[in-house]
Each structure stands twice: as C-alpha cells, then as structure tokens.
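Here's the letter readout for the chains.
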Amino acid sequence: MSNQEYDLVIVGSGIAGSIVAYQLGLQGKKVLILEAGQEVPVDRSGYMETFFKANAKTPESPYPPTTQNPSASTPDNPLGLPDPALENVPRYTVLQIGAWRNAKQCYFDYTAQDPGLNGSSPDAKFAFGSSYERIGGGTTWHWLGTSLRLFPSDFELKTRYGQGVDWPDGAAYYDALVPYYEQATNHIGVAGDKEAMDQIYSLFKVSPTGTYGQNYDYPMPGIVESLVDNAFNSPTVTALTVDGNPVDITPTPQGRNSLPGERRQCAGNTNCIPICPIQAKYDATVTLALAQQTGNVEVRYRSVASNIRVDDNSAEVTGIDFITYDTHSGIQTGSGTAVGKKYLLAAHAIETPKLLLMSNKNTHFPHGVANSSDQVGRNLMDHIMYLAWGLAKDPVYAYRGPLSTSGVESLRDGAFRSQRSAYRIEIGNEGWQWAANDPFTTLADFVFGQDNSQTNGNAVNAQGQALKFDPGLPDNAMLFGEQLVNTLNGIYTRQIRLGYLIEQLPDPGNRVELSDSLTDHLGLPRPKVTYRVRQDYERNAFVSAKQVSTEIFNAMGAREYTKAPPAPVFYGNPGEVTATNFQYQGNNFTFYGAGHIVGTYRMGNDKSSSVLNPRMQSWDHSNLYMAGSGVFPTVATGNPTLTIAALAFKVADHILEDLAAG
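What counts as what
- Residues numbered from 1 in each chain as written.
- Predicted model: local features only at pLDDT ≥ 70, side-chain atom pairs only at ≥ 80, totals over all residues.
- Heavy atoms only, no water.
- UniProt positions renumbered as here; feature names shortened; annotations may be inferred.
- Helix = DSSP H or I, 4+ residues; strand = E, 2+ residues; numbered from the N terminus.
- Rg over C-alpha atoms; globule rule 2.2 N^0.38 Å.
- Buried < 20%, exposed > 50% of the residue type's maximum accessible area, 1.4 Å probe, protein only.
- Areas by Shrake-Rupley, 256 points an atom, 1.4 Å probe, with all protein chains shown as cover.
- Lys, Arg positive; Asp, Glu negative; His and termini not counted.
- Charge placed at Lys NZ, Arg CZ, Asp CG, Glu CD.
- Polar contact = N/O pair within 3.5 Å; in protein donor to acceptor, adjacent residues only side chain to side chain.
- Contact = heavy atoms within 4.5 Å.
- Domains from an automatic or database assignment.
- Buried area = accessible area lost by both parts, 1.4 Å probe.
- Salt bridge = Lys/Arg side-chain N within 4 Å of Asp/Glu carboxyl O.
- Nonpolar A, V, L, I, M, F, W, Y, C, P; charged D, E, K, R; others polar.
- Pairing = 2+ DSSP bridges.
- Axes fitted to C-alpha atoms, helices over the stretch in contact; angles between N-to-C directions.
- Phe/Tyr/Trp six-rings, centres within 6.5 Å; stacked < 30°, edge-to-face > 60°.
- 1 Å grid on protein atoms, 1.4 Å probe; cavity = no way out; pocket = protein on both sides within 12 Å on 5 of 7 lines; lining within 4 Å.
- Points joined across faces, edges and corners; volume = space filled by probe spheres on them.

Its UniProt record gives the chain a comment under Sequence similarities (unreviewed entry), which states: "Belongs to the GMC oxidoreductase family." Per UniProt, the chain has the following entry under Cofactor (unreviewed entry): "FAD".

A word on the overall build of the chain. Assigned secondary structure in the chain consists of 14 helices and 22 strands. In terms of overall dimensions, the chain is globule-like: its C-alpha atoms have a radius of gyration of 24 Å, near the 26 Å expected for 662 residues. For the chain, the proportion of its 662 residues judged to be buried stands at 63%. For the chain, the accessible area works out to roughly 23900 Å², and carbon and sulfur atoms hold 50% of it. Of note, the chain has its 49 positive side-chain charges centred 1 Å away from the centre of its 65 negative side-chain charges.

To continue, consider the side chain of Arg-378. Topologically, Arg-378 is positioned in the loop between α9 (348–358) and β13 (384–391). In terms of polar contacts, Arg-378 uses its side chain to reach the backbone carbonyl oxygen of Asp-374, at 2.8 Å. A distance of 3.0 Å separates a polar atom in the side chain of Arg-378 from the backbone oxygen of Pro-508. The contact partners of Arg-378, leaving out residues within four places of it in the chain, are Pro-508, Asn-510, Arg-511, Gly-599 and Thr-600.

This part is about the domain arrangement of the chain. Annotation of the chain at the domain level lists domain 1 (1–145 + 177–183 + 281–380 + 512–533 + 595–661) and domain 2 (228–252 + 382–506 + 534–590). Each partner contributes residues to the interface: domain 1 has 36 residues there, and domain 2 has 29 residues. Of the roughly 2800 Å² buried between domain 1 and domain 2 on both sides combined, carbon and sulfur atoms contribute 55%. In this structure, the connection of domain 1 to domain 2 is made through 1 salt bridge. Between Asp-123 and Arg-534 there is a salt bridge whose closest N-O contact spans 3.7 Å. Put simply, domain 1 and domain 2 have 17 residue pairs in polar contact (both at pLDDT 80 or more) between them. For the side of domain 1 that touches domain 2, a count of residues per class yields 16 nonpolar, 15 polar and 5 charged.

Okay, the sheet that holds strand β15 (residues 423–428) next. In spatial order, the strands read β8-β14-β15-β16-β13-β19; together these 6 strands make up an open sheet with antiparallel pairing. Looking at strand neighbours, the two that pair on one side only are β8 (250–251) and β19 (559–560), the edges of this open sheet. Both β15 and strand β16 (residues 495–502) contribute to a ladder of 6 bridges, which runs antiparallel. Bridged to Glu-426 within β16 is Gly-499. Its contacts with the sheet place helix α13 (residues 536–555) against β13, β15, β16 and β19, and it is angled at close to 15 degrees to β13.

Once that is clear, we can look at the UniProt feature "domain: Glucose-methanol-choline oxidoreductase N-terminal" (unreviewed entry) in the chain. The residues that UniProt annotates with the feature "domain: Glucose-methanol-choline oxidoreductase N-terminal" (unreviewed entry) are residues 261–384. The distance from the first to the last C-alpha atom of residues 261–384 is 35 Å, and the span holds 17% helix and 29% strand.

What follows concerns unusual backbone geometry. That bond from Pro-64 to Pro-65 is cis: its omega, -10 degrees, falls within 30 degrees of zero. Of note, Pro-65 is situated in the loop between α2 (45–53) and β3 (109–110). Each neighbour pair has its own omega, and for Asp-438 with Pro-439 the value is 15 degrees, a cis peptide bond. Summarising the element assignment, Pro-439 is placed in the loop between α10 (433–436) and α11 (440–448). Even without being a glycine, Asp-243 presents a positive backbone phi close to 50 degrees. Along the chain, Asp-243 falls in the loop between β6 (241–242) and β7 (245–246).

Turning to the environment of Thr-287, a few remarks are in order. Structurally, the position occupied by Thr-287 is in helix α8 (residues 284–293). Residues Thr-287 and Lys-361, spaced 74 residues apart in sequence, show a C-alpha to C-alpha distance of 35 Å. In contact with Thr-287, not counting residues within four places along its chain, are Ser-18, Ile-19, Tyr-22, His-187 and Tyr-282.

What follows covers the packing of aromatic side chains. For the coordinates displayed, the defined rule picks out 38 aromatic pairs. For the pair Tyr-92 and Tyr-110, a centre-to-centre distance of 6.4 Å together with 70 degrees between the ring planes defines the contact as edge-to-face. Of this pair, Tyr-92 sits in the loop between α2 and β3 while Tyr-110 sits in strand β3, and the two are 18 residues apart along the sequence. Among the aromatic residues, ring-to-ring pairing joins Phe-126, Phe-128, Tyr-386, Tyr-423, Tyr-500, Tyr-531, Phe-542, Phe-570, Tyr-571, Phe-582, Phe-589 and Phe-591 into one connected group.

What follows concerns the layout of surface pockets. Size it by volume and the second largest pocket reaches roughly 320 Å³. Along its surface, the second largest pocket is lined by 16 residues, and His-187, Glu-262, Arg-263, Val-286 and Leu-290 are the ones closest to its centre. Looking at the lining of the second largest pocket, the elements that each hand over two or more residues are α4 (171–188) and α8.

Quick look at the pairing of β13 now. Among the 8 residues of β13, 8 are classified as buried, and the element is accordingly described as predominantly covered. Across 8 bridges, the pairing between β13 and β16 is antiparallel. By the bridge assignment for β16, Met-385 is matched with Leu-501. Pairing analysis gives 2 bridges linking β13 to β19, with the strands arranged antiparallel. Opposite Gly-390, over in β19, you have Glu-560 as the bridge partner.

This is the structure we're talking about:
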C-alpha cells in the first residue's frame, strides 16, 4: 500500500460510511474506505444463486461467507453451521441464535447465565436476536426498506416520560436533523404518501406550525398498498383504540422505486429480505458507486481493521492498522496502516465497539480507544419483536408485493410511555413465512399428516376457537392431488401476520466486550455479548401487543393462530437451552430481532456517560468520528436506517467543517 495520507479514513462501507465518503468525495477530499468483507459484485446473480441453493432462506443466506457448510449436517450440528474460528470475517447470523451456547457454531461468545434464575427473572440472559453483514455495501443488502423519521418525543424520552435518556439537546436535535432527513429521503429515493404521514405527524404534534421541513415531501409516490393492508384497514379495526390512541393503518415510506428511475420499479417479489433480485430497493452499493465515481474515494476490500493508533501527547488518532486476506478461510496475506487527517468508524454497532476495545495498547487508553467513560460497547439495544399471526376470513393473497407496505404508526407515542414501551406495528405481506416457516410447514403438514401449523389437527387458540382449516378433514390428514392443492391455496391466500417493534431501553449491562478465549481465523477476539430484556417497561409492551393482536384479529373476523412458545430453559444441555423465551405475568413469550442493532457508542452532552459528543466526534480524540446506529442514545420507535443516513449527512458536514478549519 502507498504511503498516501488521506483526508479521511473510513472503516466500513455500509450506508453510513458510503454517504460520508460520497459527500467528502464531492468536495474533492481524498477518502480511503477499509472494508473487511468481499467486493461489491458486478451483478447480484451470484448472490441470488447462493440464496437459491441455501437450505434456510435467512436474511444472511445469499452473502459470503456462506451461512451453512456444504457438508452434511450432524447430530451435533444439525444446521451445518461453519466454525467461526476458521473464518476471517465471521458474523452473527439468525441461524446461530439457537446455537448461542456453542462456540463452534456461534460467532458471539455469550456470558454465562447466573445461577438460580426462574423463567420470569429480569436477570435472565438471552441470545441477541439480530444479525448483520460484513461485505461491501453492508447490511443494507438485506434491509426491509422502511424509511421512517423518528419523532421529537423519541429524542426526549427521559424528559417527557421519565424513562431511558434524552438524545443530546432533546427535541432541538430533531429540529437540527430535519434538513438531513430531507437529504436522506431524497438520496435513498423514498417512495411515500405525504398526506398519510402528515396525519401521523399531526397526531403527535411533530411541528406546531404543521410544516415538517422546508422541502418535506417524497421523491416518489408511495408503493401501492396490498390486499393484506386493505383487509386490516377496515372500519372495525380502525375503530379500535389502544391506551387512548387510534389504530390507524398507514402506508409505509419505503426505500424502493415505485416508478422506473435510475433503478428498476419494484416488481413485488416479496423477497426484499434477504435480497431484492432486481435492485428496485435501495442499498448502499448505490452510494458506494457514486462515491467511487467522484474519483476521490478508494475502497480496500478484504482489509480488516485491527487496531487504532493514538498519539501519546495529542491523543489524536494517527493511523488504523489492518490485516488483509484473499480467501475466507485462507491465511493472512498482508497488513498495513491507513493514515489520514480524520478518521470515521462506521462498522456497525457490534464491530465498531469491538475495534475500539481491541485498540488497548495505547499508553493512555488501556481500556480501548474513545473509552475513558467506559461506555464503549454498553447499551446494546434492538427493537425486540412480538409476532402474531392468523387466517383472514377471506383470501387476501399474501406472498405478493414488498414484505411490508403498511403499518400502524399511531401507537408510537403517548402518555403510556411512562409505563410501557411504545411500538409500531408492521403488517407483513409474506404470510406465515417468518412466523411459522411457511409455505414449507403447512405443505409438510398435509403431505405427511402433521400439525405444526395448527391447521391440520385438533388445536384451539386462546379464545377457544378450533384451528383446523377444513373441519371436514380428519385430524392429521394426508392429502394429495387436487384436494391438497385446494387446501393449501385456501390457507396460504388467507395468511396474515403482525409484527410489533418494541422499543428497548438502554441498559449499560447489555454490552459488547472482547472474548477472553475465542478468536476468528485472523486471531482477532470475537465479541462477547451480554443481553437481557430486563425492564418491566419492555415486558409490559409484550402483554399489550398480545392483547392488541387478539382485538385486531377479532375486529376483522380473522382466526388467530399465534402459538405460545414453551417455557424457557436456562440451564442444562446447550442444545436444549432456549434462546429468546421468557415468562411474564403468567404468559410465555418469545422475542425476535428486528435487525436494528443500536447503541454501544452513543452520543450525549455529558462526557462521562457517552462516547461521542453531539457532533458524533469522540470526546477523547478530536479527529475521530463515528456513524451508524451505534451512536443512537435510545432505539426510539422507528426503523433506524433513515436516521442513520440523516446522521451520516450530518457528520459529513462536521468533518468537512473541521477539515476546513485545519
């Protein structure tokens, strides 16, 4: 590598790193991006082929390294999970959740369970529910596309409701972010319905003047709502209220083309996660390409940042060490140090704190770079999800359109937030794919005479309703031919699903540390994770979600099939220990991850309780900045990507200001 000094060195080529690189490249600044993973492919056909061949169609299944070994599964490794110790860029995948206590199959090293816990103990530790990618373009390869702003109330959770923390400067931070929200919306090319979102903003008094930004609108018209959306958007459902709030069905702003443009128009493949086959959905490779086309941005793939160097006198960062490799399980092929005037870490909320903590050889920072507050790695959060599913009384023809085209945004704020977490409800268009692994489960039930879907036996739901789809069939019927086809079509076309994205409070005990004993193939320590759902505040929202789901299904005349999980098992054989089950107020719950990995290097007004100042600049090192969802002080009530993008535009401005100041 040359001895060139760059204006900015960035770690990570996801949406945050790409936006910052593009903005600096446009201004003639020389930028180097270190990306741990593989290059952005010329086209996505290779990823599609990997996806088609994958046994499990998980969010990570199309992308390298492969999520399952090509060798046959074994009793000890039924999913054929690769050993993270043999991979140069392993990452956490949803298939590893069930194997969270097996270090040969799970990238994370989890802290041990405390003794003597029962199923409802707030100190119970769980597997983390969300995953990410380590490739060019980052995790936007498999994001859903939901592009929502947060609300001013999300920035003042402590002031208004006495919970969590405020964002720095509270609602004023939201006001400062509005022009960046507009910039991010236009850059992503969000398709949205302005009038529908106006109603939500008005409900929550987002702006007393009724204006939501000088240039507020969407660059593309909204995606057409699905028949599933229309089934929920009935007068009997919208007449419901939850803690005084109406249940309004709102079209979801989305980062996908509703019209042909520089990318194709969405064709409704219902495959946004894991991969949009035609790139109608925005992903960060779009921005990364624009950045490189400025002629000022260089990307170094397969270059794993391993250490941050700090000057002993000035405390400024002087370089970032990296390791190179050629193949995923091959030997290290080189190393180097990237040198710049400024540095930006944008490697996600797991890998960024890992890098900071690994950089513990600097004289005055023995606990890691930017960690004088001991806040690096703490306050790991997610939108913990409750799923509910059912059969509509009439066909709604699921499995068409984007994965979600509408939701309930009207429950994201209210006085109830002093007692329980807020949530938004996502309406799924993918039938029971997520909830019950359909269409496979129901097909197997009627071919082999099983009842895992509850549609082919004597199961009843919590309301006492019989769940057999065709009462004329015997229990555990085995069908073939026309009767099988008609029965499956009758079920698949009626499947509906709700997902509740529950806000999780920051908890300093939920954290990313360095494993004491586990490493990847490059010899770098793997993340050690402690994760709990500790607060009644969050668990109360699960109780609310369960109740609201039943009310909605009843109001629309649907039958609910939500299946309560078994009781949690915290001790014993690692293969029998449950990962995300807990008990609360007499109910068994399981939670899912939303893919929203948040916290771990948060910004704030107080140096002693945050890693970054409000400019996303390290309190400890004036030429070090960070971006991505890790800077969020709270997880808030909207999907994070639009806010990540807005903050990336904001930090790019700060870096340019500081470069100009010399």
